[in-house]
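What follows is the residue order along each chain.
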Amino acid sequence: MILALSLSLVGAATGPTPSPTPPAPRDPVRSAEFWLDTASIREAWQISRGAGQTIAVIDTGIGRGPTVFNGVTGGADFSGVGSSDGRTPVGVIDREHGSLVASVAAGRPSPGDTGMIGVAPEANLLSVSLGFPGSSSTVPFVQQMADGIRWAVDNGADVINLSFTTNTRDWHASWDDAFLYAYDHDVVVVTAAGNRGSGTDVVGAPATIPGVLAVAGVDKDGIASEEASTQGITIGVSAPSEDLIGVTSDGSVVEWNGTSAAAPIVAGVAALVRAAHPELDAGEVINRILQTADPVGAGNAPDPIYGHGIINAYEAVAADVPVASTNPADQLREWVRLYRRAEAEVVPDPEVTPVEIPPLPPPDSAAEASPLLPSRDTLLHGTIPLIALTVPSIMIGLGISAAVRLNRRSRVERAATARGD
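1. Considering the pattern of salt bridges
Then, number 1: In this structure the tally under the stated criterion is 10 salt bridges.
Then, number 2: Note that Arg-42 is salt-bridged to Asp-37, the shortest N-O span being 2.9 Å.
Then, number 3: With a shortest N-O distance of 2.8 Å, Asp-186 and Arg-274 are connected by a salt bridge. Note that Asp-186 is positioned in the loop between α6 (174-184) and β6 (188-192) and Arg-274 in helix α7 (residues 259-276), a separation of 88 residues in sequence.
Then, number 4: Several salt bridges converge on common partners, so that one network encompasses Arg-30, Glu-33 and Asp-113.

Have a look at this one:
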């Protein structure tokens, strides 16, 4: 499992006390969030700030304490080693990953509108903590993921963010049902493409699962990132992935790179769109984001490097976009139908019913049927027909014999008469 987490400390999060700091654009932390301008997020805030939407961050867990995480309204742990509310970061090396993702997606600003702010600052957050490989979790990761997605859906997620890759195009069959569960409940699923700098050469699952919105990374100039992104035909859209900042569980502001940071930018935009257009389903929200992205590359969308282009939050919220007929659930179901081996139907064993054979008639007793006496059948089918044929034959034979004798006697008498006897 690969998580993008190249960090360096750049400052501390602003405390909860209001400060006479100059307006937000001059705040050093806020000024470092260049994507708020390059992705037209500030413009989109004129229409929507994500109110009423919930983004589930399925990751290492979102920390407690810092103001930026005040939008967390619930959570759960599926690693078996975190806290029950999902708010204790899990792992050793990448334990801050979930907090960084949350701060980018829907971080709350400090009083005075200073410090780190998320793309959808009025959206709520769900903290779903997992134990990635290398953690002390004994629960299989595929099970953690499937259970975490279902929990997020059941607890009101409108958008799910998955900022990790498995480094393989394939995924466990149990994820089919988990992702279909999210799609069938009208949830937008945003995934990271992965990073070449972390050893990811190809886009891997979950970014290869049909129906997700897979995010690639670009630098500040909108050029595809060589280190902080991978490319592939499943890319939907691109977002900044270099020189980003985020907030850790202890309130520190750090720099980080990778599509792990690009994905929550897009997840935040999805929340902005859903808040502005509550009538749209998940497929239509994804379609708006894709169709309003700024074209890059060869211009033949989707491009294997940039997808449909670089995210444009204002256009995604405000543009007049024809309603799409695509449906994430239909895409995944068709894939399952084509590529998963159909489970053989279990044929029940046939019921064996004993055949009843009628009993044989009792044998005739010796007193009733002597072998020396003819039976009814022998009389009807043997004796009587034989008599009927034999008697006429005998009578005919006797008649012929008598005629012969009579004829012979007559000739003798005529001969005697002729001699004068």
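2. Structural notes on the nonpolar core
Then, number 1: Formed by 62 residues in total, the largest nonpolar core has its most connected members in Trp-35, Ile-41, Val-190 and Ile-289.
Then, number 2: Apart from the residues within four sequence positions on either side, Ile-289 is in contact with Leu-213, Val-269, Ala-270, Val-273, Ile-311 and Ala-316.
Then, number 3: In terms of nonpolar packing, the next biggest core, distinct from the first, is built from 33 residues, Phe-78, Ala-146, Val-153 and Val-189 among them.

3. Quick look at the environment of Leu-244
Then, number 1: Turning to its location among the elements, Leu-244 is positioned in strand β9 (residues 244-247).
Then, number 2: Overall, Leu-244 belongs to the buried group, its relative accessible area being 0%.
Then, number 3: Through-space distance from the C-alpha of Leu-244 to that of Asp-219 is 9.6 Å; in sequence the pair is 25 residues apart.
Then, number 4: The residues contacting Leu-244, other than those within four sequence positions of it, are Phe-34, Trp-35, Val-254, Glu-255, Trp-256, Asn-257, Ala-261 and Ile-265.

4. Some words on a positive patch on the surface
Then, number 1: Together, Arg-405, Arg-408, Arg-409, Arg-411 and Arg-414 make up a region of like positive charge exposed at the surface.
Then, number 2: You can see Arg-405 is positioned in helix α11 (residues 376-419).
Then, number 3: Classification of Arg-405 as exposed rests on a relative accessible area of 53%.

5. Digging into a nonpolar patch on the surface
Then, number 1: Together, Ile-387, Val-391, Ile-394, Met-395 and Leu-398 make up an exposed nonpolar region whose accessible area comes to about 490 Å².
Then, number 2: Among the structural elements, Ile-394 can be located in helix α11.
Then, number 3: Here Ile-394 falls in the partly exposed class, since its relative accessible area comes to 47%.

6. Comments concerning helix α5 (residues 141-154)
Then, number 1: Taking 1.5 Å of rise per residue, 14 residues should cover 20 Å, and α5 covers 20 Å from first to last C-alpha, within 8% of that figure.
Then, number 2: Of the positions making up α5, those classed as buried are Phe-141, Gln-144, Met-145, Ala-146, Gly-148, Ile-149, Trp-151, Ala-152 and Val-153.
Then, number 3: Along its buried surface, α5 packs onto β2 (54-59), β3 (72-77), β4 (124-129), β5 (159-162) and α6.
Then, number 4: Of the residues flanking the end of α5, it is Gly-156, one or two places downstream, whose phi is positive at about 95 degrees.

7. Description of the sheet that holds strand β7 (residues 213-218)
Then, number 1: With parallel pairing, the 7 strands of this open sheet are ordered in space as β3-β4-β2-β5-β6-β7-β8. In the strand order of this sheet, the two ends are held by β3 and β8 (235-240), each with one partner. Within this sheet the neighbouring strands show an average axis-to-axis angle of 25 degrees, counted without direction.

8. Description of the packing of α7 against helix α8 (residues 282-291)
Then, number 1: Axis separation between α7 and α8 bottoms out at 10 Å; the angle between their running directions is 115 degrees. Between α7 and α8 lies a crossing of right-handed hand. In this structure, α7 contributes Val-269, Ala-270, Val-273 and Arg-274 to the contact, and α8 contributes Ala-282, Val-285, Arg-288 and Ile-289.
Then, number 2: Of the residues assigned to the contact of α7 with α8, the class counts are 6 nonpolar, no polar and 2 charged.

Here is what the cut-offs are and how they apply
Residues numbered from 1 in each chain as written. Predicted model: local features only at pLDDT ≥ 70, side-chain atom pairs only at ≥ 80, totals over all residues. Heavy atoms only, no water. Salt bridge = Lys/Arg side-chain N within 4 Å of Asp/Glu carboxyl O. Helix = DSSP H or I, 4+ residues; strand = E, 2+ residues; numbered from the N terminus. Core = buried A, V, L, I, M, F, W, Y, C linked by side-chain atoms within 4.5 Å. Buried < 20%, exposed > 50% of the residue type's maximum accessible area, 1.4 Å probe, protein only. Contact = heavy atoms within 4.5 Å. Patch = residues over 30% accessible without salt bridge, like charges linked within 9 Å, V, L, I, M, F, W, Y side chains within 5 Å. Areas by Shrake-Rupley, 256 points an atom, 1.4 Å probe, with all protein chains shown as cover. Lys, Arg positive; Asp, Glu negative; His and termini not counted. Charge placed at Lys NZ, Arg CZ, Asp CG, Glu CD. Expected span 1.5 Å × (residues − 1). Pairing = 2+ DSSP bridges. Axes fitted to C-alpha atoms, helices over the stretch in contact; angles between N-to-C directions. Left-handed = near helix turned anticlockwise from the far one by under 90°. Nonpolar A, V, L, I, M, F, W, Y, C, P; charged D, E, K, R; others polar.

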